[in-house]
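# Chain and residue survey
One letter stands for each residue in the lines below.
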Amino acid sequence: MGPNMDRDRFQNDAGHGDPMERMDRLQAEVARISHLLDELTGGGASSPRPRYSRNAGADELPVPFRTPHSFALHPRTFEPEQRVLERQRAKEVRRMLRQRRMREQYFPADMFADPAWDMLLDLYAARLDRQPVSVSSLCIAAAVPATTALRWIKTMTDAGLFVREADPNDGRRIFIALADGAFSGMDNYFEALDE
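Residues numbered from 1 in each chain as written. Predicted model: local features only at pLDDT ≥ 70, side-chain atom pairs only at ≥ 80, totals over all residues. Heavy atoms only, no water.

### A short note on empty space enclosed by the protein
The final tally for this structure, using the stated rule, is two cavities of 30 Å³ or more. Here the largest cavity is characterised by a volume of approximately 60 Å³. Considering only residue class, the lining of the largest cavity consists of six nonpolar, no polar and six charged. (1 Å grid on protein atoms, 1.4 Å probe; cavity = no way out; pocket = protein on both sides within 12 Å on 5 of 7 lines; lining within 4 Å. Points joined across faces, edges and corners; volume = space filled by probe spheres on them. Nonpolar A, V, L, I, M, F, W, Y, C, P; charged D, E, K, R; others polar.)

### Quick look at the pairing of strand S2 (residues 162-167)
With six bridges joining them, S2 and strand S3 (residues 170-178) adopt antiparallel strand pairing. Residue pairing for S3: Val-163 is matched across the bridge by Ala-177. Once S2 ends, the chain turns through two residues before running back antiparallel as S3. (Pairing = 2+ DSSP bridges. Helix = DSSP H or I, 4+ residues; strand = E, 2+ residues; numbered from the N terminus.)

### Quick notes on the packing of helix H3 (residues 80-102) against helix H7 (residues 180-194)
Interaxial distance between H3 and H7 falls to 12 Å at its minimum, and their mutual angle equals 85°. Considered as vectors, H3 and H7 are oriented roughly perpendicular to each other. Here Arg-89, Glu-92, Val-93 and Met-96 of H3 lie close against H7, whose contacting residues are Asp-187, Phe-190, Glu-191, Leu-193 and Asp-194. Among the residues forming the contact of H3 with H7, the class breakdown is four nonpolar, no polar and five charged. (Axes fitted to C-alpha atoms, helices over the stretch in contact; angles between N-to-C directions. Parallel < 35°, antiparallel > 145°, perpendicular 65-115°, else oblique. Contact = heavy atoms within 4.5 Å.)

### Re the sheet that holds S2
Strand order in the open sheet formed by three strands is S1-S3-S2, and the pairing between neighbours is antiparallel. Of all strands in the sheet, those with a lone pairing partner are strand S1 (133-134) and S2, marking the two edges. The strands that helix H4 (residues 115-128) touches are S1, S2 and S3; relative to S3, the one it contacts most, it runs at about 100°.

The structure is reproduced here in structure tokens:
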């Protein structure tokens, strides 16, 4: 596939699909290009690459990096694969939460109420997405009355599954996050589901 075909395909995809999916595809493509550049320049996982400053003269750069105009810059290190996997997992968790909410259209909501699990799912997806979750947002995610949700937040915090963090920008707001052990447990759970 030639460069024009790649560009045309990208332009055709640009207006279609979920923005996160487009970002994931773009990051995967950048990773592929990065690996190709790494191979072409003789770098690799087994041989650490030296860093060069932007002000390095042409005679300071290794031969593959030398250009007539000394514009060669070393590519930034970048781990897109892990980020893509985190986004895919977050999307999977969000889908699971939507499916749980859909049951309420067909059955009484209190029949399947499980606020602790809903909160764990919401906080897990938020951590994968690198988004903070306020107490009020977590109460909404629990899909139970606020007083019930607040009791569950206290119970889960006391059990060491949740941690409370002050919002650095607003002293009145508290964020809730998964404790590291709970995050590991959720990771292990979803990995087991994938097997």
